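Coordinates in review
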Amino acid sequence: MDKNSAALVKKLQSELDAYQNLQKTCVKLVKQRTLLESQLNENKCVLDELNLLGPDNKVYKLYGPVLVKQDLEESRQNVGKRIEYISKELKGSNDTLENMEKDMTKHRETVQKLQQQYQVAAAMK
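Residues numbered from 1 in each chain as written. Predicted model: local features only at pLDDT ≥ 70, side-chain atom pairs only at ≥ 80, totals over all residues. Heavy atoms only, no water.

Focus: the layout of surface pockets
Heads up, the rule is: Using a grid of 1 Å spacing that covers the protein atoms alone, one calls a set of points a cavity when a 1.4 Å probe fits there but cannot get out, and a pocket when the set is open and has protein on both sides within 12 Å along at least five of seven lines; lining residues are those with an atom within 4 Å of a point. Grid points are joined across faces, edges and corners, and a volume is the space filled by probe spheres set on the points. Runs of H or I in DSSP of at least four residues are treated as helices and runs of E of at least two as strands, each being numbered from the N terminus. As a working rule, the residues Ala, Val, Leu, Ile, Met, Phe, Trp, Tyr, Cys and Pro are called nonpolar, Asp, Glu, Lys and Arg charged, and the rest polar, with Gly in that last group.
Looking at the largest pocket, its volume works out to about 180 Å³. Contributing to the lining of the largest pocket are Val46, Glu49, Leu50, Val59, Tyr60, Lys61, Gln70, Ser75, Asn78, Val79 and Arg82. Breaking the lining of the largest pocket down by element, the ones donating at least two residues are α1 (3-52), β1 (59-63) and α2 (72-124). The dominant element in the lining of the largest pocket, judged by the number of residues it contributes, is α2, at four residues. Residue classes in the lining of the largest pocket are distributed as five nonpolar, three polar and three charged.

What follows is the structure in structure tokens.
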């Protein structure tokens, strides 16, 4: 193998490694996003249930092994804040995932170009 072919193979391998690392990270982010979506849906259901309650109903929160009485309005606010926080995290996760997909596309295109260059160089021998 001549120097040009060796350099192409080295570039190709480094691009493939970068692409594979992005894929692994992307899989982790998708799992994280799925978890956030399920938490968001769960908290929305809790808020819907809390909104069905009247002022005379009692709400309890589980602290370890103990149920502690909590104010209904305070419960609604806490769940609302949790929904807001999870929504922000979900948006950040989606933005990061979108950027990673763009990077993956760039790496994939670079890998294809390098493969074509290597094939042309191999055919010229």
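Anyway, onward from the coordinates.
Topic: the UniProt feature "coiled-coil region" (unreviewed entry) in the protein chain
The condition is simple: UniProt positions are given in the numbering used here, feature names are shortened, and annotations may be inferred rather than shown by experiment.
Per the UniProt record, the feature "coiled-coil region" (unreviewed entry) sits at residues 90-117. When the span residues 90-117 is considered, its composition is 100% helix and 0% strand, and the gap between its end C-alpha atoms is 40 Å.

With respect to the nonpolar core
So the rule is basically this: In this description, a nonpolar core means a group of buried Ala, Val, Leu, Ile, Met, Phe, Trp, Tyr and Cys residues linked to one another through side-chain atoms lying within 4.5 Å. Residue burial is assigned from relative accessible area. The probe radius is 1.4 Å, only protein chains are included, and a residue is buried under 20% of its type maximum, exposed over 50%, and partly exposed in between.
If you look at the biggest cluster of nonpolar residues, it comprises nine residues: Leu36, Leu40, Leu50, Val59, Leu72, Val79, Ile83, Ile86 and Leu90. Secondary-structure elements contributing two or more residues to this core are α1 and α2. Counting residues in each nonpolar core, the second largest holds seven residues, with Tyr19, Leu22, Cys26 and Met104 among its members.

What about α1?
We apply this condition: What a helix should span is 1.5 Å times the count of its residues minus one. Any two residues whose heavy atoms approach within 4.5 Å are treated as being in contact.
With 50 residues, α1 ought to run about 74 Å at 1.5 Å a step, and its terminal C-alpha atoms sit 73 Å apart, in line with that. For α1, the complete set of buried residues consists of Ser5, Leu8, Leu12, Glu15, Tyr19, Leu22, Cys26, Leu29, Leu36, Leu40, Asn43 and Leu50. The elements touched by buried residues of α1 are β1 and α2.

Structural notes on the side chain of Ser93
Tracing the backbone through its elements, the reader meets Ser93 in helix α2. In contact with Ser93, not counting residues within four places along its chain, are Leu29, Arg33 and Leu36.

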